[in-house]
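# What the coordinates show
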Amino acid sequence: MATSSIWAISRFTPFTFIYFLLFSYGFAPILALNVTNLLSSYPDLSDFSNLLTSTSVAADLTQRSSLTLLVVPNTLLRSSDLTHRSPSNLGDVIRYHVLLEYLSWTDLHQIPAAGKLVTTLYQTTGRATSDFGSVNITRNPTTNTISVRSPAADSPSNATILTLVKTLPYNVSIFSVNSLIIPYDLDLMASETRPPLGLNITKALIDGHNFNVAVSMLMASGVVEEFEADEGGAGITLFVPTDDAFSDLPTTAKFQSLPADKKAVVLRFHVLHSYYPLGSLESIVNPVQPTLATEAMGAGSYTLNISRVNGSVAINTGVVQASVTQTVFDQNPVAIFGVSKVLLPREIFGKTPMVATKPSNGVTGVAQPPAIALSPESYGPPTHLSSPPAFRQDFLSEAANSGVQSIILALCCIGLYLLLRAENFC
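Residues numbered from 1 in each chain as written. Predicted model: local features only at pLDDT ≥ 70, side-chain atom pairs only at ≥ 80, totals over all residues. Heavy atoms only, no water.

Per an unreviewed UniProt entry, the chain is named FAS1 domain-containing protein, and its organism is Nyssa sinensis. Among the UniProt annotations of the chain, the heading Subcellular location (unreviewed entry) holds the following wording: "Cell membrane". (UniProt positions renumbered as here; feature names shortened; annotations may be inferred.)

Printed below as a string of structure tokens:
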């Protein structure tokens with residue numbers, strides 16, 4: 001009995017040690033989610049899998065976790081006549097079937113009588129009206145039937161969950177449903193050939209409120225015409241500081257005293273020469289992004305580092321870190337987001353982090369994430385043995401500079417070594 005206990009301890013302690021060490025400090029292996037690969041074993045779901053790929057939704061999901069996918073079998077999908085609709089609208093319909101919360105069979109059968117509202121990937125595009133980017137999940141207590149529909153009271157579109165296709169606990173669930181679910185505010189009859197957007201950026205910002213300073217600066221600099229001229233092709237993404245962001249500028253920044261040409265460079269620094277809806281920003285593959293200022297001033301300069309911090313999109317310039325606080329406008333090829341800080345390039349303002357004039361939650365120099373996270377993943381079921389996002393982010397950032405990762409890797413090797421010795425001993 002004693003020998004058996006010793007064997008059990010020697011056999012499992014190294015793995016337990018490594019498991020807790022990695023997961024406690026946020027070093028859990030993060031594998032790119034390949035939804036189409038998960039569906040490849042189910043021929044009857046091949047059409048929906050192809051739609052995930054052709055609409056680029058599958059690519060948007062590669063860096064996500066804690067989601068539930070609702071798929072429609074081939075026979076039911078082909079009768080929907082969806083494939084004859086606008087490609088952009090088709091993508092939003094598919095995004096509406098991606099629930100940004102992990103739900104198991106048990107979770108679904110514990111849905112309260114009032115139902116449960118769950119946000120979808122469609123909501124993150126900024127194109128949904130109100131909460132129509134969410135779905136309402138209800139359960140019939142008599143039959144245990146699970147229904148999914150738009151939260152709009154008069155929405156005719158709904159579906160019934162048929163069966164669980166596949167699950168990776170706490171990360172991904174895939175359920176089949178008996179029909180497509182159409183967002184209440186989505187016009188499926190929209191023309192496939194849209195006229196040029198011709199967006200008036202200043203008007204969009206005025207309508208968005210709280211961007212008066214940015215509007216006056218854009219109009220005075222003349223760069224707004226340049227931005228609107230760049231709407232074609234790959235499109236543009238603008239990060240526009242709120243009025244509070246301008247009033248919170250450090251006195252050491254001396255932004256207003258910059259000559260006109262330098263101010264224009266700073267404004268161009270707030271623009272990416274590609275269209276990124278919010279969902280794409282949250283799962284961006286290359287975090288270091290060139291800006292319009294990069295094109296004017298030279299490759300490798302005036303870049304933005306875009307990542308996720310505490311469930312929100314964070315933008316780091318090397319001088320300040322800002323958070324995306326709202327979607328002002330999102331219609332391909334233009335996305336406009338409000339940000340919590342003026343993005344100060346280090347090429348002009350140096351490499352020393354700026355200290356805000358007004359402390360935010362007792363912390364200065366770094367923008368705090370908005371009170372309400374833009375991604376609902378933050379309120380989904382917590383991944384087992386994972387640390388709070390803020391703790392992991394801070395730890396990983398420091399580890400990159402201090403070599404802690406190398407130490408942990410060495411400890412893992414020691415654990416494996418102990419395991420091998422224990423096996424040889426027995």
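Having seen the model, we can carry on.
### Things to note about the overall build of the chain
The number of helices and strands found in the chain is 17 helices and 14 strands. Counting contacts in the chain only where the partners sit at least 6 residues apart, residues at least 24 apart contribute 69% of the total. A total of about 20700 Å² of accessible surface is found on the chain, and carbon and sulfur atoms cover 58% of it. (Helix = DSSP H or I, 4+ residues; strand = E, 2+ residues; numbered from the N terminus. Contact = heavy atoms within 4.5 Å. Areas by Shrake-Rupley, 256 points an atom, 1.4 Å probe, with all protein chains shown as cover.)

### Comments concerning the pattern of salt bridges
Under the defined criterion, the tally for this structure stands at 5 salt bridges. Between aspartate 248 and lysine 341 there is a salt bridge whose closest N-O contact spans 2.9 Å. Residue aspartate 248 is found in the loop between α11 (243–247) and α12 (260–268), and its partner lysine 341 is found in the loop between β14 (334–339) and α15 (346–349); the two are separated by 93 residues along the sequence. Lysine 341 sits in the buried class, given a relative accessible area of 13%. (Salt bridge = Lys/Arg side-chain N within 4 Å of Asp/Glu carboxyl O. Buried < 20%, exposed > 50% of the residue type's maximum accessible area, 1.4 Å probe, protein only.)

### So, the sheet that holds strand β10 (residues 288–290)
The 7 strands are arranged β9-β8-β14-β13-β12-β11-β10 in an open sheet whose pairing can be described as mixed. Of all the strands in the sheet, just β9 (271–272) and β10 have a single pairing partner and so form its edges. As defined by bridge partners, strand β8 (residues 236–241) adjoins β14 across 6 bridges and the pair is classed as parallel. Considered in β14, the bridge of valine 240 is made with glycine 338. (Pairing = 2+ DSSP bridges.)

### Things to note about the packing of helix α8 (residues 201–208) against helix α9 (residues 212–221)
Between α8 and α9, the shortest axis-to-axis distance is 9 Å and the interhelical angle comes to 165°. The angle between α8 and α9 places the two elements in the roughly antiparallel class. Helix-helix and strand crossings are classified by hand; for α8 and α9 the assignment is left-handed. In this structure, α8 contributes Thr202, Leu205 and Ile206 to the contact, and α9 contributes Val215, Leu218 and Met219. When grouped by side-chain class, the residues that make up the contact of α8 with α9 number 5 nonpolar, 1 polar and no charged. (Axes fitted to C-alpha atoms, helices over the stretch in contact; angles between N-to-C directions. Parallel < 35°, antiparallel > 145°, perpendicular 65-115°, else oblique. Left-handed = near helix turned anticlockwise from the far one by under 90°. Nonpolar A, V, L, I, M, F, W, Y, C, P; charged D, E, K, R; others polar.)

### What about the sheet that holds strand β5 (residues 146–149)?
Pairing within the open sheet is mixed, and its 7 strands lie in the order β2-β1-β7-β6-β5-β4-β3. Each having just a single partner strand, β2 (98–99) and β3 (116–119) make up the two edges of the open sheet. As defined by bridge partners, strand β1 (residues 67–71) adjoins strand β7 (residues 172–177) across 5 bridges and the pair is classed as parallel. Bridge pairing in β7 places valine 71 opposite serine 176.

### What about the side chain of threonine 202?
Considering the arrangement of structural elements, one finds threonine 202 in helix α8. Those residues in contact with threonine 202 that sit more than four places away from it in its chain are Val215, Met219, Val224 and Glu228.

### Brief notes about α8
Residues separated by three or four positions in an α-helix point in the same direction, a consequence of the helix having 3.6 residues per turn. Within α8, the full set of buried residues consists of Ile201, Thr202, Ala204 and Leu205. Along the long axis of α8, the arc covered by the buried residues comes to 160°, so they all point the same way. (Arc of directions from axis to C-beta.)

### Details of unusual backbone geometry
The phi dihedral of asparagine 144 falls on the positive side, at around 65°, and the residue is not glycine. Looking at the element boundaries, asparagine 144 is found in the loop between β4 (134–139) and β5. Look at asparagine 210: it is not a glycine, yet its phi comes out positive at around 65°. Looking at the secondary structure, you find asparagine 210 in the loop between α8 and α9. Given a relative accessible area of 31%, asparagine 210 falls into the partly exposed group.

### With respect to the packing of aromatic side chains
Tallying each qualifying case throughout the model produces 6 aromatic pairs. Judged by centre distance (6.1 Å) and plane angle (45°), the rings of tyrosine 102 and tyrosine 170 are tilted. On the criterion of sequence distance, the pair formed by tyrosine 102 in the loop between β2 and α7 (105–108) and tyrosine 170 in the loop between β6 (158–168) and β7 is long-range, its members being 68 residues apart. Measuring from ring centre to ring centre gives 6.0 Å for phenylalanine 269 and tyrosine 302, while their planes differ by 75°; the resulting arrangement is edge-to-face. Pair noted here: phenylalanine 269 is in the loop between α12 and β9 and tyrosine 302 is in the loop between α14 (292–297) and β11 (303–309), with a separation of 33 residues, a long-range link. The exposure class of tyrosine 302 is buried, given its relative accessible area of 6%. (Phe/Tyr/Trp six-rings, centres within 6.5 Å; stacked < 30°, edge-to-face > 60°.)

### Quick word on the nonpolar core
In terms of nonpolar packing, the biggest core is built from 45 residues, with Phe48, Leu52, Leu69 and Ile137 touching the most fellow members. The residues touching leucine 52, leaving out its near neighbours within four places in the chain, are Val35, Thr36, Leu39, Val57, Ala58, Leu69 and Ile94. Counting 35 residues, the second largest nonpolar core, distinct from the first, contains Ile201, Leu258, Ala264 and Val266. (Core = buried A, V, L, I, M, F, W, Y, C linked by side-chain atoms within 4.5 Å.)

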